[in-house]
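Descriptive analysis of the structure
These are the residues of each chain, in order.
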Amino acid sequence: DELAAYFDAVVGAEAKIEPRDWMPEAYRKGLVRQIAQHAHSEIIGMQPEGNWLTRAPSLARKAILLAKVQDEAGHGLYLYAAAETLGVSRVQLFDKLLSGRQKYSSIFNYPTLSWADVGAIGWLVDGAAIVNQVPLCRCSYGPYARAMIRICKEESFHQRQGFDLLYTLARGTDEQRAMAQDAVDRWWYPSLAMFGPPDADSTHSAQSMAWRIKRFSNDELRQKFVDMTAQQAGVLGLSLPDEALAYDQESGHWRYTQPDFAELMRVISGDGPCNRQRIEHRRRAHDDGAWVRDSAAAYAAKQRTRKAAA
Amino acid sequence: DELAAYFDAVVGAEAKIEPRDWMPEAYRKGLVRQIAQHAHSEIIGMQPEGNWLTRAPSLARKAILLAKVQDEAGHGLYLYAAAETLGVSRVQLFDKLLSGRQKYSSIFNYPTLSWADVGAIGWLVDGAAIVNQVPLCRCSYGPYARAMIRICKEESFHQRQGFDLLYTLARGTDEQRAMAQDAVDRWWYPSLAMFGPPDADSTHSAQSMAWRIKRFSNDELRQKFVDMTAQQAGVLGLSLPDEALAYDQESGHWRYTQPDFAELMRVISGDGPCNRQRIEHRRRAHDDGAWVRDSAAAYAAKQRTRKAAA
Amino acid sequence: MRSDYVLALADDGLIAAQRLAEWTSRAPELEEDVALANIALDTLGQARLLLSHAGELEGAGRDEDDLAYLRDEQDFRNCQLVELDNGDFAVTIVKLLCFATYQHELYAALRRSTDERLAAIAAKAVTETEYHVDHARLWTLRLGDGTPEAHRRMTDALARIWPYTHELFEAGWIDPELLAEGVAVDPATLREPWLSTVDKTLVEATLAVPDDDWAPSGGRHGVHTEVMGYLLAEMQYLHRAHPGATW
Amino acid sequence: MRSDYVLALADDGLIAAQRLAEWTSRAPELEEDVALANIALDTLGQARLLLSHAGELEGAGRDEDDLAYLRDEQDFRNCQLVELDNGDFAVTIVKLLCFATYQHELYAALRRSTDERLAAIAAKAVTETEYHVDHARLWTLRLGDGTPEAHRRMTDALARIWPYTHELFEAGWIDPELLAEGVAVDPATLREPWLSTVDKTLVEATLAVPDDDWAPSGGRHGVHTEVMGYLLAEMQYLHRAHPGATW
């Protein structure tokens, strides 16, 4: 019909679909799921780094980390707002997160065990997120694309800060260097796994590509990340825990060992080291805050009544 | 009458009154109050030292401290048992502690701010407690006297451990020595205040003396403590925060400055640095444990029913 | 000493920021996670400027990190109010209302300090603390005049926190020369405007200033509460575990 | 290395004792304050003997305090079970039931270790852990078969703790030579008697082994949970703040 043709034309022309426009139900549903999962990831992602806020070893780093974790909360807010333009409420989405009906990025189910992990998350996890997200800045859904532009700018700032943190450690004492290397060793494969299963096993991809939501395959993005990161590792003077890692002159790409996708599946299905802890933490914050939200609502209602009476 | 005459004769002969014996109501009441207050002090006294259990700087000291705090709980148990022989229950007494109707020693309303405080409490507070309590080992009420014999033995062990802790610090690094001196400076006057108001202002004393519960006046005991402690301070190589402190050749006693009894009264009446914290801590432990005690009681009842049915 | 004065103000901010940072990812709603982190950032930023200034005044070559991470408990001069446990959100809001209003009055007055650097720090800080006060005020209204449960929690929080506000206005620890020279502000002069602002908010929130004259103190002389040692152990551990390292 | 094996057993006890010590003055009744402190003391005492032995086997001159206070997190080899937060009294009792029963089986077997010192430590420890098991068993009955609330809390506690019990029986971290020489005990052989004892108690307490095959691990390789860093900061701070001091 006419609406569908218009939708296809807009998407085909690399223009933006806006909230008021007609869109296929599957497009809407898929976007809601993706944006919500992305928002949830920002919110859950506050925990692993937040774990080091009170222990940051310098005040400058403490301030940087505080600003970063705050940015993550902010990203969560933009993204929930983008999802709300598709007709779902933040409360509904939050409820799906807390009840386990919607996922968040499995990377946050690993623990931060040393200060260097803060650097490794910035460098590797934010690095991988950027590779994943930069194409989304051209996504066909306007509100999502615009949120991603702002988010990517901040993420790349975070990625440089993570790199800088590791760079300092790598040039510090033996213990600091060891701490940095250990963190990179633990976060490397989980970061590779952030790009999802290999293309052969990936679902949803073809339709997402056609709708200009996804633009590159999982394996393409993973390769882009490896190429970028392998080079930076050299600058850091840290090694990546992959003996097969080598630059392939011919293709211009780095060869690397795939992550253990069976482990990825275990973590996604709930058995990562921190899945239960992360959700329980968020649920506790939510439950502990219930009386606060209730009171704010009661106060707002009173104010409305007072204004109406005045 | 005959019972009263018998009671007076036993007390006069320095023999023991036992639970089954007749006793004047004021004797019983006074003893209950004194024993309960003493028991409460042991229980509340677990907190200031317990504050350093997880942070003790060596494993040997951690074990010693753990054993000491455990002894305090044990002392509380003997003393509540002694009070129970006078016809009151531990639950009743505990309730009076938690509701503020019965006091505990005000010394425990000061905070432990450094590891050296653990030593200062052992040396000064347990030292003062021993001076106060040794005469009670000859108290006319049998169960109390016997509890005190056991308690005094352990207290004097604790006092030596406290002395040893400070001795080690006083011979340690400059920082350790400063820590020890600071602790002694803070705990000295509160320890002197443990003997109560000056004799001129003291109530209850005459009757207690006649009943062979109290044997020395507050000021006599305080002087005994100062004499003992001033000498030991010299061995430690730490000073006591009293410029007037000096040995009086003639009397064979040390002259000293009296503590600020107005401050003592403020702390007794509730305005010490930790009064609210100490009671709140104990109340929270009690409240948090309610479901445990309830379940233990329910289980015991079930077991009785099962045995009766079997 | 002028550096002692500046250090005490710095410590207030440093410890307050440390407690606020504990809230991160635990706030009642996302917007509040952002807001509390923001306030913590401002407060930490002010503390850093003050620490650097104190270090330079002291002239012993100590930078902000030496002062934050390598002093022992009795060398911290913050008021006890800021070190108290966060408690529930009501306790945090009452602490923030009392402390931010105090800081706001203080910085407003310090803009006229004869220590130019201090005056410049204060000039920047005063606009930041204005927002903190406003934020605390709004929550005090929402919680005091919202549900009965929140009202009860706010009343409990006020009872718990109020005694520690008296220390904010003690002046005895400040070198009289600094007051005479116009470097320092006499905290006693801040009490009246502080009380008037706080009381106005409490009344509007159907709450009341507690009737309690217990006034614990000691922080300005390095005597803290028992929670301070745990706070410092957590804050300083990593830094101290690697002596001389750069981060 | 033999010292690594002994160190892991020592760390189990050290960290378990640290958590138990946190209960002091917080127990549901006075008798339990005494009992938990007693168990902590036994466990700490065993850990100290094992640490000293490990230090001597290592031969680098490290004593019990060097090992307890100056190692970093990734050098601690305790199972994750013992480092978990205490939670409520139910969680503590479930942890104790699982851990003490494990230690009891382990020490019973280690009495026949070809490392004579280890055998001697085990011989003393086995009578101590028998009491710990008994204590945990009695409380499991009182809470599991008492009130509905306690039953619910015990069920929640089992769900929380059970996954961490699997790591106790992992053998991969132990040098096979130590097993061959009869120095070490293969933990896998302890699982059956352990499960039978624990299950019997749970059944008697009207509770059940959770149906959950999540089996987090890593402690034996120095990979811990996020709470471990806070535990160590608190435990080690003072010692580390005074390098080289004697206490």
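Residues numbered from 1 in each chain as written. Chains lettered and ligands numbered in written order. Predicted model: local features only at pLDDT ≥ 70, side-chain atom pairs only at ≥ 80, totals over all residues. Heavy atoms only, no water.

The name an unreviewed UniProt entry assigns to chain C is Phenylacetic acid degradation protein, from the organism Actinocatenispora sera.

Our next topic: the overall build of chain A. The number of helices and strands found in chain A is 13 helices and two strands. The C-alpha radius of gyration of chain A comes to 21 Å, within 12% of the 19 Å expected for a compact globule of 310 residues. On the principal axes, the C-alpha backbone points of chain A span a range of 70 × 50 × 30 Å. For chain A, the residues scored as buried account for 55% of the 310 residues in total. Contacts in chain A between residues far apart in sequence, at least 24 positions, make up 78% of those at least 6 positions apart. As displayed, chain A offers around 13100 Å² of accessible surface, 55% of which is attributable to carbon and sulfur atoms. Looking at charge distribution, chain A has the averaged site of its 38 positive side-chain charges lying 8 Å from that of its 38 negative ones. (Helix = DSSP H or I, 4+ residues; strand = E, 2+ residues; numbered from the N terminus. Rg over C-alpha atoms; globule rule 2.2 N^0.38 Å. Buried < 20%, exposed > 50% of the residue type's maximum accessible area, 1.4 Å probe, protein only. Contact = heavy atoms within 4.5 Å. Areas by Shrake-Rupley, 256 points an atom, 1.4 Å probe, with all protein chains shown as cover. Lys, Arg positive; Asp, Glu negative; His and termini not counted. Charge placed at Lys NZ, Arg CZ, Asp CG, Glu CD.)

We now examine the overall build of chain C. Tallying secondary structure elements over chain C gives 10 helices and zero strands in all. Ordering the α and β elements of chain C from the N terminus gives α-α-α-α-α-α-α-α-α-α. The principal-axis extents of the C-alpha atoms in chain C amount to approximately 55 × 40 × 30 Å. In chain C, buried positions account for 63% of the 247 residues. Put simply, of all contacts in chain C between residues at least 6 apart along the chain, 81% involve residues at least 24 apart. Carbon and sulfur atoms form 51% of the exposed surface of chain C, whose accessible area is close to 8700 Å². Each charge sign in chain C was given a centre, from 21 positive and 44 negative side chains, and these centres are 2 Å apart.

On to the nonpolar core, then. Grouped burial of nonpolar side chains is what soluble globular proteins tend to show. The biggest cluster of nonpolar side chains holds 181 residues, and the ones touching the most others in it are B:W115 and D:Y5. Of all the elements, helix α5 (residues 89–110) of chain D adds the most residues to this core, at 16 residues. Ignoring anything within four residues of it in the chain, the contact list for D:Y5 reads D:L106, D:L110, D:L118, D:W173, D:I174, D:L178, D:V183, D:A184 and D:V185. (Core = buried A, V, L, I, M, F, W, Y, C linked by side-chain atoms within 4.5 Å.)

What follows covers the side chain of C:S25. By secondary structure assignment, the location of C:S25 is in the loop between α1 (2–21) and α2 (30–58). Sequence-distant contacts of C:S25, that is, excluding residues within four places in its chain, are made with A:M46, A:Q47, A:H281, A:R282, A:A285 and C:D33.

With that settled, consider the interface of chain D and chain C. Contacts between chain D and chain C engage eight residues on the former and eight residues on the latter. The contact between chain D and chain C buries some 840 Å² in all, and 63% of this surface belongs to carbon and sulfur atoms. Taken as a group, D:A233, D:Y237 and D:R240 account for 58% of the area that chain D buries against chain C, more than any other trio of residues on that side. The interface formed by chain D and chain C holds zero salt bridges in total. Along the contact surface separating chain D from chain C lie four residue pairs in polar contact (both at pLDDT 80 or more). (Buried area = accessible area lost by both parts, 1.4 Å probe. Salt bridge = Lys/Arg side-chain N within 4 Å of Asp/Glu carboxyl O. Polar contact = N/O pair within 3.5 Å; in protein donor to acceptor, adjacent residues only side chain to side chain.)

Glancing now at the packing of aromatic side chains. Residue and element names in this part refer to chain A. In total, this model carries 36 aromatic pairs over all chains according to the counting rule given. Ring centres of F195 and F225 lie 5.4 Å apart, and the angle between their planes is 40°; on these two criteria the pair is classed as tilted. You can see F195 sitting in the loop between α8 (174–193) and α9 (205–210) and its partner F225 sitting in helix α10 (residues 218–236), a full 30 residues away along the chain. The same class applies to F195 as to F225, namely buried. (Phe/Tyr/Trp six-rings, centres within 6.5 Å; stacked < 30°, edge-to-face > 60°.)

In screw terms, the move from chain D to chain C is a rotation of 180° and a rise of 0.0 Å along the axis, fitting with an RMSD of 0.0 Å. The operation mapping one copy onto its partner corresponds to a two-fold rotation axis. In this assembly, 100% of the residues forming the interface of chain D have copies in chain C that are likewise at the interface, indicating an isologous arrangement. (Least-squares fit on C-alpha atoms with pLDDT ≥ 70 in both.)

On the secondary structure map, C:E64 appears in helix α3 (residues 64–69). Note on C:E64: relative accessible area 13%, which makes it buried. Looking at C:E64, its side chain comes within polar contact range of the side chain of C:R48, at 3.1 Å. Those residues in contact with C:E64 that lie beyond four places of it in its chain are A:L59, A:A60, C:R48, C:L51 and C:S52.

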